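# Descriptive analysis of the structure
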2 protein chains.
Amino acid sequence: MGIVVQKFGGTSVGSVERIQKVAERVAQAHAKGNQVVVTVSAMGKTTDELVSLAKQMSDHPPEREMDVLLTTGEQVTIALLSMALMQKGLQAHPMTGWQAGIHTDAIHGKARIDHIDPNKIKKCLDAGEIVIVAGFQGISPDGEITTLGRGGSDTTAVALAASLKAERCEIYTDVTGVYTADPRIAPQASKLTEISYEEMLELANLGAGVLHPRSVECAMTHQVQLVVRSSFCEEDGTMVKEAGQMEEEMNVRGVAHDLHVARIKVLGLPNQSETLSTLFTRLSEATINVDMIVTSEHEQERISVAFSVHEEEGDKAREVILQLQDELGYQDVISETGLAKVSTVGAGMVTNPGVAARMFNTLSEAGIKIKMVSTSEIKISCVIPRDQAQQAVRTLHTAFGLDAKHEVLLEA
Amino acid sequence: MGIVVQKFGGTSVGSVERIQKVAERVAQAHAKGNQVVVTVSAMGKTTDELVSLAKQMSDHPPEREMDVLLTTGEQVTIALLSMALMQKGLQAHPMTGWQAGIHTDAIHGKARIDHIDPNKIKKCLDAGEIVIVAGFQGISPDGEITTLGRGGSDTTAVALAASLKAERCEIYTDVTGVYTADPRIAPQASKLTEISYEEMLELANLGAGVLHPRSVECAMTHQVQLVVRSSFCEEDGTMVKEAGQMEEEMNVRGVAHDLHVARIKVLGLPNQSETLSTLFTRLSEATINVDMIVTSEHEQERISVAFSVHEEEGDKAREVILQLQDELGYQDVISETGLAKVSTVGAGMVTNPGVAARMFNTLSEAGIKIKMVSTSEIKISCVIPRDQAQQAVRTLHTAFGLDAKHEVLLEA
């Protein structure tokens, strides 16, 4: 048997009892003859509690120090899970990010994995140990502790699987798989038995919340076979793999949403070639992820640009732009929060130009105001008022024929 | 100005507000032109909470995993204290044990510092940063996280001071200095303005609780000037230094006590030369600290030996001996808990043989049963029933003339 990487998120390790349940599941995989590497997050609300301590200490907690603080959460979990496995008579070996050889760049709070040195892990696996790695963390070239940002434990798991050439990477979470929409918002949503990397990437980026987008990207690049399943039941999950291996491609596979969107409009920018370049370079230097970008017609002397960011980064983005007022010479900047994004995703959409039209019509007939639009080969996204997001998801789910049991169609 | 190392214990960093107070004190030392290195413990009850989590996970939590778990406590504190200093506009640099170059042996839970590589700290100090080091922890030759055991943060501070050739090492604690006895037990106790390393070492070993014995040992070896003072007030503390530098040597400098003593008696051991050697070698291999040892007369065929250990290690010591029954061929083993040790300490005692006699008389007149006795050049210790410990400390304090204000005598 080969190497299996299992990842358990914060809810799955939220208490002593749950960690003991995780230990049982890990022990099962080990008993089947697999070499098992486990990646874990911090227990339940630990990260939030640590963030709250930091905010009491500093108006803007510095990022390197935040990383030192937050990484203790996973370190507690690896110790406890190892103890639980050893209590069962198994050999376990806890490793922090730096011990597991996870080397990142130096962008604290949002570091990217540069490479993994898997020698220590391999040595321990060959000695019969189950290796328990702290997710979400690594070490910078300067020897400082870094974090990959929220959701980074998924990335840790996939990167480990790629580096160890693992047979598969199992992401255990609090849902039973990937759904055609969030079942809490669209009760008619159904579970997908399989989905392509590309579709999953769009869904992840669009806030489906099941998998961190970077982890899907990494899985796609390294052809790591991903399984998303529940840590609380034995139900089969969703397999994420190559599109070519799938039986059928649907027009629209799912409806995703993101309830935390801010839009920023910069008005009256001089229409010079370097203006937009400067603007988005500075935002990127401030490590702000810009999502959608729309500009007004370019024929005039001055143009306007609107872009969307995660709501948490709205203030920071606005600050960056205010500092650029002299340099860019724009007339005004307006930021708007309380927005959401709904998206339809499907690998078959590229050959089916009617999808966009149907999406706009559906939203418009439901009286939902579309504020921004962005399209790719396999998705169409609309920014709308947040208070209409739930209605939008349900309406689109029905309009694109997703209310029918999806598995049936796939296996037809 | 030179390098100053400051150590703040768990009570001193027990809350957000207290960490902010510590930041003020650190900032003061920095403002005076010192290069400042700070060592901190885990916040208040953190360590106890982590131990409780571990005990829920495992009957006997494995020690390597305990170290991974417990070291998160100090890591949280270094992050928060750095944030508090940076909030004041100072440059701070948090470092875990491994980042600070603290190399230990591989005895988890009780590791000893092998050497410190101070290069990273020096580089940061020279760049104007205040360096905040997690106390109590280091890294083993295998790259595993180790802890120095409870009280190890004192040792971290002194070892750092030695390695950095610091001007002095300030130990901030919840008491204002070293007293002639524990004021909670003997209200007539008074603060010492200075004390020799040797005396402090005996007091530390005897459970005075102000400084960890290993830290005093390390300070003595490397001639690190120690100051013990309160983190809650500006009062001068107690200076710990070379005996030769002190103005006068007293007969008895203080009365110490330890309320957690267990005694183990091994009866009917064959009187062979290797028997005792085997017994104590095995106890040492199990990393049990044996304190006092008393043996019966050696003329007979079989002998008995009694020794004392910390109460927490009583069961483990008994187990080790039970496993040696076949090898040693002793007749019985009896362990007794509920004991305490009281000791009188003073560098002048060696030239004053009457001290022992006066101590035994005093205890005996007070109706206190002496169960074991041990003496060194500068201390005499007696094991007595725990419920008589408080009475013993007070009576001895009075009998040796310590009730008078001590400072007056010293400065006479």
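To keep things clear, this report deals only with the structure shown in the data block.

Each value, and the rule that gives it
- Residues numbered from 1 in each chain as written.
- Chains lettered and ligands numbered in written order.
- Predicted model: local features only at pLDDT ≥ 70, side-chain atom pairs only at ≥ 80, totals over all residues.
- Heavy atoms only, no water.
- Helix = DSSP H or I, 4+ residues; strand = E, 2+ residues; numbered from the N terminus.
- Rg over C-alpha atoms; globule rule 2.2 N^0.38 Å.
- Buried < 20%, exposed > 50% of the residue type's maximum accessible area, 1.4 Å probe, protein only.
- Contact = heavy atoms within 4.5 Å.
- Areas by Shrake-Rupley, 256 points an atom, 1.4 Å probe, with all protein chains shown as cover.
- Lys, Arg positive; Asp, Glu negative; His and termini not counted.
- Charge placed at Lys NZ, Arg CZ, Asp CG, Glu CD.
- Buried area = accessible area lost by both parts, 1.4 Å probe.
- Salt bridge = Lys/Arg side-chain N within 4 Å of Asp/Glu carboxyl O.
- Expected span 1.5 Å × (residues − 1).
- Arc of directions from axis to C-beta.
- Axes fitted to C-alpha atoms, helices over the stretch in contact; angles between N-to-C directions.
- Parallel < 35°, antiparallel > 145°, perpendicular 65-115°, else oblique.
- Nonpolar A, V, L, I, M, F, W, Y, C, P; charged D, E, K, R; others polar.
- Pairing = 2+ DSSP bridges.
- Phe/Tyr/Trp six-rings, centres within 6.5 Å; stacked < 30°, edge-to-face > 60°.

### A look at the overall build of chain A
Broken down by element type, chain A carries 13 helices and 18 strands. Taken over the C-alpha trace, chain A has a radius of gyration of 22 Å; the compact-globule value for 412 residues is 22 Å, and the two agree within 12%. The proportion of buried residues among the 412 residues of chain A is 58%. By sequence separation, contacts in chain A at least 24 residues apart represent 75% of the contacts at least 6 residues apart. Surface exposure of chain A reaches about 16,900 Å², of which carbon and sulfur atoms provide 48%. For chain A, the separation between the mean place of its 37 positive charges and that of its 55 negative charges on side chains is 4 Å.

### Describing the interface of chain B and chain A
Between chain B and chain A, the residue contacts involve 42 residues of the former and 42 residues of the latter. For the chain B face of the interface with chain A, the top three residues by lost area are Met57(B), Met83(B) and Trp98(B), together amounting to 21%. At the boundary of chain B and chain A, one finds 2 salt bridges. Between Lys120(A) and Glu144(B) there is a salt bridge whose closest N-O contact spans 3.2 Å. Listing elements by their share of the side of chain B that touches chain A, those giving two or more residues are helix H1 (16–31), helix H2 (46–57), helix H3 (63–87) and strand S3 (92–95) of chain B. By residue number, the principal contributor to the side of chain B that touches chain A is H3(B), which donates 17 residues.

### Things to note about helix H2 (residues 46–57) of chain A
Taking 1.5 Å of rise per residue, 12 residues should cover 16 Å, and H2(A) covers 17 Å from first to last C-alpha, within 8% of that figure. Where H2(A) is concerned, the buried positions are Thr47(A), Leu50(A), Val51(A), Leu53(A), Ala54(A) and Met57(A). For H2(A), the angular spread of buried residues about the axis comes to 155 degrees, placing them on one side. Away from its buried face, by an angle of more than 90 degrees, H2(A) presents the exposed residues Glu49(A) and Lys55(A). Structurally, H2(A) contributes buried residues whose contacts are with helix H3 (63–87) of chain A together with H1 and H3 of chain B.

### Some thoughts on the pattern of salt bridges
Residues and elements named next belong to chain A. What the rule picks out here adds up to 38 salt bridges over all chains. Taking the shortest distance from any N to any O, the salt bridge between Arg-253 and Glu-199 comes out at 3.2 Å. Here Arg-253, found in the loop between strand S12 (238–241) and strand S13 (254–270), pairs with Glu-199, found in helix H6 (residues 197–205); they are 54 residues apart in sequence, far enough to count as distant. Side by side, Arg-253 and Glu-199 carry an identical accessibility label, which is buried.

### Things to note about the packing of H3(A) against H3(B)
Interhelical geometry of H3(A) versus H3(B) gives an angle of 170 degrees and a closest axis separation of 8 Å. Considering the angle they form, H3(A) stands roughly antiparallel to H3(B). The residue makeup of the contact of H3(A) with H3(B), split by class, is 18 nonpolar, 8 polar and 2 charged.

### Examining the environment of Met372(A)
Residue and element names in this part refer to chain A. Turning to its location among the elements, Met-372 is positioned in strand S17 (residues 372–376). In the structure, Met-372 is positioned 315 residues away from Met-57 in sequence and 38 Å away in space, judged by C-alpha atoms. Beyond its immediate sequence surroundings of up to four residues, Met-372 is in contact with Arg-263, Met-292, Ile-293, Val-294, Ala-306, Phe-307, Ser-308, Ser-381, Cys-382 and Val-383.

### Side note on the pairing of S13(A)
Residues and elements named next belong to chain A. The element S13 is largely enclosed, with a buried count of 13 among its 17 residues. Where S13 lies against strand S16 (residues 332–345), 11 bridges are found, and the strand directions are antiparallel. Considered in S16, the bridge of Ala-256 is made with Ser-343.

### Things to note about the sheet that holds strand S2 (residues 35–40) of chain A
Strands pair in a sheet through their backbones, by hydrogen bonds, and they do so in one of two ways: parallel or antiparallel. All names here are of chain A. An order of S3-S6-S2-S1-S9-S11-S12-S10 is seen for the 8 strands of this open sheet, with the pairing classed as mixed. Looking at the sheet topology across the chains shown, the edges are occupied by strand S3 (92–95) and strand S10 (194–196). The mean angle between the axes of side-by-side strands here comes to 20 degrees, regardless of whether they run parallel or antiparallel. Note that strand S1 (residues 3–8) and S2 share 6 bridges and pair parallel. Residue pairing for S2: Gln-6 is matched across the bridge by Val-38.

### Details of the packing of aromatic side chains
Residue and element names in this part refer to chain B. Across all of its chains, the model carries 5 aromatic pairs over all chains by this definition. Measuring from ring centre to ring centre gives 4.6 Å for Phe-8 and Tyr-172, while their planes differ by 10 degrees; the resulting arrangement is stacked. Of this pair, Phe-8 sits in strand S1 (residues 3–8) while Tyr-172 sits in strand S9 (residues 168–173), placing them 164 residues apart in sequence. Assigned by exposure class, Phe-8 and Tyr-172 land together as buried. Plain terms: the ring middles of Phe-280 and Phe-307 are 5.5 Å apart, the flat faces sit at 75 degrees to each other, and that makes the pair edge-to-face. Here the residue Phe-280 occupies a position in helix H8 (residues 273–285), and Phe-307 occupies one in strand S15 (residues 302–310), the gap between them amounting to 27 residues. The exposure classification of Phe-280 matches that of Phe-307, with both residues buried.

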